[in-house]
Each structure stands twice: as structure tokens, then as C-alpha cells.
Amino acid sequence: MIELLRLCGFEEPDLEAELPRFEEAFNRLGITSEDVEQIKQRLRTYYNVELLGVRKLLGLYLEGLVNLVLAREDGKTKVIYGIMGAFDEVCSACVSKSDDVYMSFPSEIFEIVLGSMFGKLVPVLEAAEKAWLRAGTVAHCANLKTLLGLLVSDLIPRPDLVFTSGFLCDTAPKTTDLLSEIYGIPAFVQDTCQDREISEYPDAKRTTDLMVKSARRFAKRMEEVVGFEITDEMLWEQLEARKALMGNISQIRDLIEHGDPLAISPTHYIYLENLPRLAASNSEFLRGAVEATSILLDEVQQRIDKGVGAVDRGAPRILSSHPALASDPRLDHLITEMGIALVANEGGALFPPDGGHTPPVFEPKDPYEGMSMSLHMSLLQSLRARANILVEAGKRLKVDGTLCLTHVGCRTVVGDSLMVKRALAEELGLPVLYIEYEGFDPRVYNHEKLKRELELFKTMLHGGVGTQ
Amino acid sequence: MEGERLESHLEERIDSLREAKKNGIKVIGYLPGNYVPEEIILASGAVPICLVDGGDIRPVDAALSVVPRQICPFAQAQVGERILRRNPYYEMMDMLVAPITCQHLREVAEIWEYDGDIEMFKLGIPHNYGGDFELEYYVDRLRALAERLQAFTGNEITDGKIGDAIELYNRMRGSLRELSLMRSTSPLPISTLDFVKLNHASYYADPGFMVEVLESICRKMKGKQVVGEMESPRVLLVGPNIANGDYRILELVKEAGAEVVIEEVCEGVRYYWNLVDNKGDPFKALAKGYLEDRLPCAFMRHSARKRLDFALKLIRDFNVSGVLWYELRQCETYDSESYFFERELNKRNIPMLILEADYGMADVGQIKTRLEAFIEMVKGGIEY
């Protein structure tokens, strides 16, 4: 166990002090000493653990899992969970004001730690499938299965509120509706309307205004749960507090996207993508995230300067039209092993007009408007607008091809997928590999099939804009 | 008599619409789900046509080139009809009003917008149907729709015209409800298949003509002496929709010895159960009538309890002895909700069978066997 914690960036004296908590949490999750040995091997295989920044990142998530499992024992009287929700700053404002409040995104934490790091997520998914998110052709999203499975298995405390959003799907709100009806867990849905027309693009005022109203309603609901007022000043503070973290992540992304060789494996992208959201859980997480990303930023720059990377210099570059895989590093690892540089994915939040990572700049009149900037990201746009942003991102990144990685559990993503593929192929004039995949379920990984497809894809890659 | 008149009207409908188009009248298609007020389209002088065809596997297969199989067969069928170019209603649309309801129908709108070969208005439907600012948003979108239709048709939409249209459609909904309620007793004065077909006809026929036919049928039904006994079990069908042409399930239930006596689907109870209160600002009246007052679909927020309570009322009022949950393949919200319904109905000793449809023939044998077993089970009725 000590060795695992060191591998995850923990150092004395914190390591000794934290050990009993980790042992307690592992015990509850059924992680044995044999498992720990396999986990260490897994981390060395899939992650650049030679980098301190990476080890610190792994440690942040691991600690997040332990804090979540032990939240009630830690004296947290108000436990709040989010799944695919927004307005994290509302949560972090509450957590900052009161030690009684705890906030987490259990699916994201468990998919990364129990899934990607430990390879032990499947029993959680199976538990959900025995309830209402059944397996089979209906293809329920495994991100939701994770939350449901954790709750029905009693692996995490019952929350005082679970919130989600309807920005992208109806399954998440339906799941929280049923959590409320069946288990009496209070639920809240943040909403807007997915009715933007391409003629309005990139303007999103109408849907943003609706989102702002929903954000205010969310804050009111949170006030009822935590028992104190959430002021605009508290939210501005939270928005300000994240700037250092967002800046670090943005610079790391820039280096990854434009450096040659690709500095680190894409298996790490999901860890970076989820940091801002998970920073809502407590101030220590935010501090730790800033520290880890600062270290990683320096290390990534050094690797590029030395010509050290996850793939060789000059490797073909690709963009993926889907967020990184959350619960299984094997596909990202395979892509890297095959010498392909996956330089960016849509989960890194691509924004109009050029598929960059910065939302359209404007001066928000209040923090709620500021928090609603995420609504501009490609995944939440209309199909035509989403395709435009991806095409522009492909041009900006000078890729040689694109990976149309389709998360079949999401109706929006899968519904768009064939048209997105068409747009990428026709408008970029580059090879596209279309892969249907459940983005949160490691059971779907088929190594030999994927390897064959990627081998063929790689032969088609050179000669694109990236090599011109 | 009315049946023949209606049949003849529908046969001539395509030609009459073509003629109307020559005279500058616009045909406005809209996707079903009960959130597009036909009244606004009618008030613009255009002809509203609901795109509700389904049940045929060919358009579903045709759609696979642009929509993956994870999208429901009804939504695929809508996309497929435009690809096959065989269905005149889908071909003659001048404009589409696409309500942004479930993710599947939203995708139909997205794909047609991507293709860009048809004028489109996306009508945002707030999924939190009971909220204050959501209702305001819907009112605003209805006003925006009216403005778009005015510009598109060149006709002014007045409050008076909308009020007249509400009156007409209220008569339509009222007649359908009256007919439907006649099925609360045995034997049924009208078969469910005939009733559903009448309901579907209302989406394509001239609304004035349809109201006249429905009211005439109601008058005759009231005086009709129904003879014979009906011993067969009475079934409530719950599901996202029964498309125009998707009649196999009703036929199979009948063949298995039971009768669907009431259907809680978009093109059923949810459409005609409530009237629009035709007072004050017509846009607010329509918004309230369509968004707030109607039974929500499963994709709506916090809808499971309300939908269950309504189903329990139907079970009592229609003397139902079993519930048939008829969901379309890949319909994720109905699939989730089926667990809740089955759990709650089990507590009340009400049997429920869950069936999935994909419009194909491969599973008909299996469905038939399961239905027969279910009907045998419910023959004894419910012991409350």
C-alpha cells in the first residue's frame, strides 16, 4: 500500500498519516493486497509515472475517492453529488464556507480511480444493471450506471442532494428522478433548451439566458440544503480562485497540441479534463490541482525540449471527436503504442469559432453568466455547429486524420456521429476512423479488433495537412 | 358512412394539398409529441401536417446511412422517409416545425437542419414543464414561431385567428376524448384499432372536416346499441408512441384474446385528454395547455410519479386488468421508467408486460408468445 501511495505522489509525513484512511476505504471497496500489486503494475503500464506531476494527479483522484467513501465519517453532514452537472462554483462556494458540506462527482472519481487506475469498475456497472439501467441493446450510459451502481451497492454515502443537467441528455435527469422516487434522494436538474439553430450560430444568448435562470434556481436549492446564503461575491471568488488551475491546464494543452513529440500519453487527458469540476469538492483539492499541474507543466515543457515523448517525433497527428475514455486507459494507450499522436479530443472543451479551448470572451454581468460559458462548447451545440467547430479544430491543430470515437451510451453523441464523420471526411479531406465505443464501460474493449482498425488507419494518415 | 367519407377525404388529401400549394398555401410539417400547437400553424393560413408515420422497417433501414441504430426506430423512420422520397406528406412540406423533445426526435431535426434542404423552426420545449421561467420561455418561442410563420406565409396571425383555431382543435380533442371514454365499459363501442386510426387521421386530414366527422361519429355512438358480451381482458397500453402504421401490437393483443382499451401514448391520451383554456392571451393559453396541463412524456423532468398516478387512474376508470408497456427500441427514458412502473404496479398486484418494438418482423413470434402468456395471467382480473 505504501508503495502504491508513493506511486501516486504521496510523500512523508502525509503518507503515514493518511494510510489508515486509505486502508479503510480500500477495505470497504473490497480492494485486496493482491489487487494493490496489480494496480501498481497497471499504473506503470498506462501512465507516465516517471513524472512527478502525473503521480500527483493520480494521488489527487485517489484521495478524492477516499474522501468520498469516508465523507460521513469525516463529519460531513451535507453531502452533495453531481453528475454531468454544471455551476461547480456554486458547490465550491458552499464547501469553502462550511466544513460540514461535502461535494463530489462520484461517477467521475470512480470511473477514473476504480476504472482506469484499478481496473475494478465492472461490479459497480453490473449492480446498476440489476436495477433499471439494464444491459443490452438499449445502451444506457455507463456514466450513469456508475452512480447508480455505487448507490445501490452502498459504496458511497447517500447524499442530501444529487444534481444533474439536461444540457446533453435526458437519461441523467431520468436517473435522478428515479433515484428520488425509489430511494428518496432529493434531486435537482439544471436545464436549458437544446434548440439552437445554425442560423443563430455562434450566438447563444437565448439558451444561455435560460441556463442562467436555471443556475440561479440551482443556487437557491443549494441554499436550502446547506442552510446559508450563496452570495454573488462568494461565486466571484470561486471563479477567480480557479484561474490559476485553468491557466495551467490551458498551457499544458497547448504544449500537448503543438509540441513534437507528443509529450505525454492521452491516457492522462481525462485527469486534466475533470480537474476543474472536481476542484469543487474542497479547497485542498484545488490547491493540490494547481500544484500538480504546475509541476506537470514544467515537466511537459522539459520533455518536449529534450525530444522525449509518448510517441516519436513526426508521428501522425489525430483529433478525436469525443471526450477521452474515462474508465479504461487501454484504447488511448493502444493508439500511443501504435505510434499515433492523439493531440486533442472534444472533451477538452472545444469552442467556436476555431475549436480552441477558450470560450468566446465577453464580460459577464454576474457570476451566473460567467458560469454559463460552458454552454458554448462543441458538444452542446447543434449538430451542424458542432461539426463546424470540429472541422476548424482539425485545421487549427493541423491533424493528419480524425478519430470519430462514438460513445454509444449517449443519444446526442451517437445520434450526431455519422454526420460528424461525414463532415470531418468531406470538409477536412482526411481519413476518419469511426469507432463505436461505450465511453465509460471497460467491458467493450476489444484489443485485437481495435488494433487491426488502427493499423489500417495509420497507413492512411500521412499526407494530410499535418504533414504539409 | 363517416368512415367512408374520411377514407375518401384522405385519399384525395394529397391531391388537394398539391392544389393548395399551387395557390400559394404552405404545408407545414411538424414532429409529434404534443408540443407543437397546430393552432398557430392553422392561424397562419398554412396546413399543419403531423409527421407520424412509422411501423415499417424500410425507412428505418434507409436511415442507417445517417443515423446509427442507437436512435429509436420512430425517429429513424422520419429520417428514412425523407431519404426514400416515397411518402408525399414528407415530400410536400414547405417548412418543418421541430419540437425539441426527446433526444431521438431532436436528432431528426439536427439531421434535417444539417442537410439544409428544408426551412425549419426548432421549437424549444423546456423539459421542466412545471417551472415559471420555462413557461415564459415556451410562450416566447411560440410567439417567435408565429412571427416566422407570418413571414413565411405572408399572412398575419391575429389573436382572433388563433382563438378560432383553439376552438376548432378543442372540438377535435373533445370528440376524441368522448370517443375514448366510451371504451371504459365493455363491450367496446369502437375497436381500439379503429379509434387509433381515427386519431391518426386527425393528423393528416383537414381539421375542420375532421372535427365534423368526429362529432358525427360521437353522436351516432351515443345512440348506438352495443350488443354482445366482452369477456376478454382489458389492457392499458403505455409507451412513447404508436405511429401511423404501427398497428401490429394492437393486432397481436387482439389475437392473443385481449383488448387494449386505452393507450397512454403521445398520439393518444396525452393529445386529447386536456383542452386548451381559450381565454386571454392565446399564446399563454396555448403554452399552459400544451406544456403544463398535459400529461408529461417520460423525457420530461420529474415526470415518473405524475405519469404513474395518471396510469393508475386509467387502470381504475377503464377497468384494466393488465398493463402492456410498449417501448421503442433504444428509448432510454421509457426503458428506465418501466422499472419504476413495474415496481409500483407489482405492489398493487397489477401485472405488467414490457415489450420492445423495432418495426422489424424478427421478434414477432417471441412477442406473440409472451403476450399470450401475459393475457392468460391477467384473465382473472386485478385483486385490489
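In this text the structure is predicted, and so the values were computed from the model without any measurement.

The next subject is the environment of E24 of chain A. Residues and elements named next belong to chain A. Relative to the elements of secondary structure, E24 occurs in helix α2 (residues 14-29). Put simply, E24 and V69 are 45 residues apart on the chain and 9.2 Å apart in space, counted from C-alpha to C-alpha. For E24, the side chain forms a polar contact with the side chain of R28, separated by 2.9 Å.

Within helix α5 (residues 88-97) of chain A, eight of the ten residues are buried, leaving the element largely enclosed by the surrounding structure. Every buried residue of α5 of chain A is listed here: D88, E89, V90, C91, S92, A93, C94 and V95 of chain A.

Moving on, we come to the environment of I270 of chain A. Residue and element names in this part refer to chain A. One can find I270 in helix α13 (residues 269-278). A residue is classified by how much of its surface remains accessible, and I270, at 7% relative accessible area, is buried. Counting along the chain gives 254 residues from I270 to E16, while the straight-line C-alpha distance between them is 29 Å. With near-sequence residues (within four places) excluded, I270 lies in contact with Y61, I112, A324, L325 and A326.

Moving on to the confidence of the model for chain B. Per-residue confidence for chain B gives a mean pLDDT of 94; residues scoring 70 or more make up 97%. As scored by the predictor, the complex reaches a pTM of 0.96 and an ipTM of 0.95.

A word on the pattern of salt bridges. Enumeration over the complete set of coordinates arrives at 80 salt bridges over all chains. We note a salt bridge from R148 of chain B to E197 of chain A, for which the minimum N-O separation is 2.8 Å. On the criterion of chain membership, the pair formed by R148 of chain B in helix α7 (residues 132-153) and E197 of chain A in the loop between β4 (187-190) and α10 (205-226) is interchain, its members lying in two chains. E197 of chain A sits in the buried class, given a relative accessible area of 6%. Sharing partners across several salt bridges, the network here consists of K174 and D177 of chain A together with E264, R270, R307 and E337 of chain B.

Our next topic: the packing of aromatic side chains. Residue and element names in this part refer to chain A. All chains considered together, the criterion is met by 21 aromatic pairs over all chains. Taking 5.4 Å as the distance between ring centres and 40 degrees as the angle between the ring planes, the aromatic pair formed by F188 and F218 counts as tilted. With F188 in strand β4 and F218 in helix α10, this residue pair connects regions lying 30 residues apart in the sequence. Overall, the relative accessible area of 0% leaves F218 in the buried class. Within the aromatic cluster, the residues linked to one another by ring pairs are F87, F105, F163, F167, F188 and F218. It is R277 that lies over the ring of F105; its NZ or CZ is 5.2 Å from the centre.

Residue-level contacts link 53 residues of chain A with 58 residues of chain B. Of the roughly 4,500 Å² buried where chain A meets chain B, counting both sides, 53% is carbon and sulfur surface. Inspection of the region where chain A meets chain B yields 13 salt bridges. Of the charged contacts in the structure, one is a salt bridge between E181 of chain A and R305 of chain B, with a shortest N-O distance of 2.9 Å. Counting every contact that joins chain A to chain B gives 31 residue pairs in polar contact (both at pLDDT 80 or more). The leading source of residues in the side of chain A that touches chain B is helix α18 (residues 411-428) of chain A, at eleven residues.

Conventions and cut-offs
- Residues numbered from 1 in each chain as written.
- Chains lettered and ligands numbered in written order.
- Predicted model: local features only at pLDDT ≥ 70, side-chain atom pairs only at ≥ 80, totals over all residues.
- Heavy atoms only, no water.
- Helix = DSSP H or I, 4+ residues; strand = E, 2+ residues; numbered from the N terminus.
- Polar contact = N/O pair within 3.5 Å; in protein donor to acceptor, adjacent residues only side chain to side chain.
- Buried < 20%, exposed > 50% of the residue type's maximum accessible area, 1.4 Å probe, protein only.
- Contact = heavy atoms within 4.5 Å.
- pLDDT = per-residue confidence, 0-100.
- Salt bridge = Lys/Arg side-chain N within 4 Å of Asp/Glu carboxyl O.
- Phe/Tyr/Trp six-rings, centres within 6.5 Å; stacked < 30°, edge-to-face > 60°.
- Lys NZ or Arg CZ within 6 Å of the ring centre and 35° of its normal.
- Buried area = accessible area lost by both parts, 1.4 Å probe.

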